[in-house]
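If you want the building blocks of each chain, they are given just below.
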Amino acid sequence: MNPLIITAALTGAEVSREQQAALPITPDEIGLAAEECFHAGAAMVHVHARNPDGTPTQDKEIYRQIIAAVRARCDVIVQVSTGGAVGMTPTERLAPVTLKPEMATLSMGSVNFGGDVFMNHPVDMEIFAQAMRDHGVKPELEIFDAGMLSTALRWLQKGMLTGPLHFDFVLGIPGGMAATPEALMYLKAQLPADASWSVAAIGAAQLPLGTLAMVLGGHVRVGFEDNIYYRKGELASSNAQLVARIARISRELDRPVATPDEARALLGIGQPG
Ligand code: KMH
Ligand code: ZN
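Conventions used here
- Residues numbered from 1 in each chain as written.
- Chains lettered and ligands numbered in written order.
- Predicted model: local features only at pLDDT ≥ 70, side-chain atom pairs only at ≥ 80, totals over all residues.
- Heavy atoms only, no water.
- Phe/Tyr/Trp six-rings, centres within 6.5 Å; stacked < 30°, edge-to-face > 60°.
- Helix = DSSP H or I, 4+ residues; strand = E, 2+ residues; numbered from the N terminus.
- Donors = N, O, S within 2.8 Å, 3.2 Å for Na, K, Ca; no water.
- Buried < 20%, exposed > 50% of the residue type's maximum accessible area, 1.4 Å probe, protein only.
- Pairing = 2+ DSSP bridges.
- Salt bridge = Lys/Arg side-chain N within 4 Å of Asp/Glu carboxyl O.

## Focus on the packing of aromatic side chains
Any pair of aromatic rings gets described here by the distance separating the centres and the angle formed by the planes.
No. 1: Inspection of the entire model under this criterion finds four aromatic pairs.
No. 2: Between Phe-118 and Phe-144 the ring centres are 5.7 Å apart and the planes differ by 70°, which places this aromatic pair in the edge-to-face class. Of this pair, Phe-118 sits in strand β8 (residues 116–118) while Phe-144 sits in the loop between β9 (138–143) and α5 (146–158), and the two are 26 residues apart along the sequence.
No. 3: Taken together through their ring pairs, the aromatic side chains of Phe-113, Phe-118 and Phe-144 make up a single cluster.

## A short note on the coordination of the zinc ion (ligand 2)
Geometry reference: four tetrahedral donors at a metal, ideal angle 109.5 degrees. Six octahedral donors, ideal angles 90 or 180 degrees.
No. 1: Ligation of the zinc ion (ligand 2) by protein atoms is provided by His-46 (NE2), His-48 (NE2) and Glu-225 (OE), these donors lying 2.1 Å from the ion.
No. 2: Read from N- to C-terminus, the donor residues coordinating the zinc ion (ligand 2) fall into the pattern H-x1-H-x176-E.
No. 3: We classify His-46 as buried; its relative accessible area is 2%.
No. 4: Since its relative accessible area comes to 4%, His-48 is described here as buried.

## Things to note about the pairing of strand β6 (residues 103–107)
No. 1: Most of β6 is tucked away: five of the five residues are buried.
No. 2: Side chains Met-103, Thr-105 and Ser-107 of β6 all project onto a buried face; the interleaved residues Ala-104 and Leu-106 project onto the opposite face, where all are buried too.
No. 3: One ladder, built from two bridges, connects strand β5 (residues 77–80) with β6; its direction is parallel. Looking across to β6, one finds that Val-80 is bridged to Ala-104.
No. 4: Two strands pair when backbone bridges link them, and β6 and β9 are joined in this way by five bridges, in the parallel orientation. The residue bridging Ala-104 from the neighbouring strand is Pro-139, located in β9.

## Quick word on the pattern of salt bridges
It is possible for side chains of opposite charge to pair when their charged atoms get near one another.
No. 1: Tallied over the entire structure, the rule returns 13 salt bridges.
No. 2: A salt bridge links Arg-264 to Asp-75; the nearest nitrogen and oxygen atoms lie 3.8 Å apart. Linking Arg-264 in helix α9 (residues 260–267) with Asp-75 in the loop between α2 (60–71) and β5, this pair joins segments that are 189 residues apart in sequence.
No. 3: For Asp-75, a relative accessible area of 31% gives the class partly exposed.
No. 4: Because the salt bridges share partners, they merge into one network encompassing Arg-71, Asp-75, Glu-102, Asp-261 and Arg-264.

Below, the structure written as structure tokens:
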């Protein structure tokens, strides 16, 4: 089976230090967490920026510092968020793409997000996709619900996205698709043959759905953005602890864990510039 790409979603926009004391917030903390995750088996980090007070931001300069802090420590793929936080404007959200990171997320539709709405107007999505093409950034298509996958496939047919596509199924957001094996199988069944995919399941579903993805030939995202616990009632000590468990299971299943360069080859992206 192809090597497993483990992505560490280190920080996110919603989790606080009060909830998870080991949450990396500053560029330096994010760089250090990325290095720990790299040593634990991660080939990619998904990053969000925070202001010094911990509030989410899409400030380009902070992203620049984050990318530099990661690059100084290890060669994992850096994937910036264009989702940011609920309520940010599309222009704000798009800012880090102009730094030409190796990858960026591209949400494929709007979804209720707990008590909020995570808005992704089709006009804005098209602008995001075009900006990623212009800057040579590989999109990871974030799929929170089944209709978003249909949209991605329609866009592929129309030439608005270029294959091979890489998907991330974000399952278990209240308002989005449930984090169940049935949901994952349903989505996987619709993928083009040359697509790659990962699963980012929220909370307690992170481990079982990640393990299922591993068996099905997909890839796995773990980390504090999606889940702050190691097991029920026990907070994880670090993002790397969550990565290390996935890497261990993968090896037990005889599936090698991808290095960053193996992940680049699998995803069709070049070396960092
Ligand atoms: N924070 C969520 C509202 C992404 O990074 O692209 C959106 C999000 C998705 O986290
Ligand atoms: Zn994110």
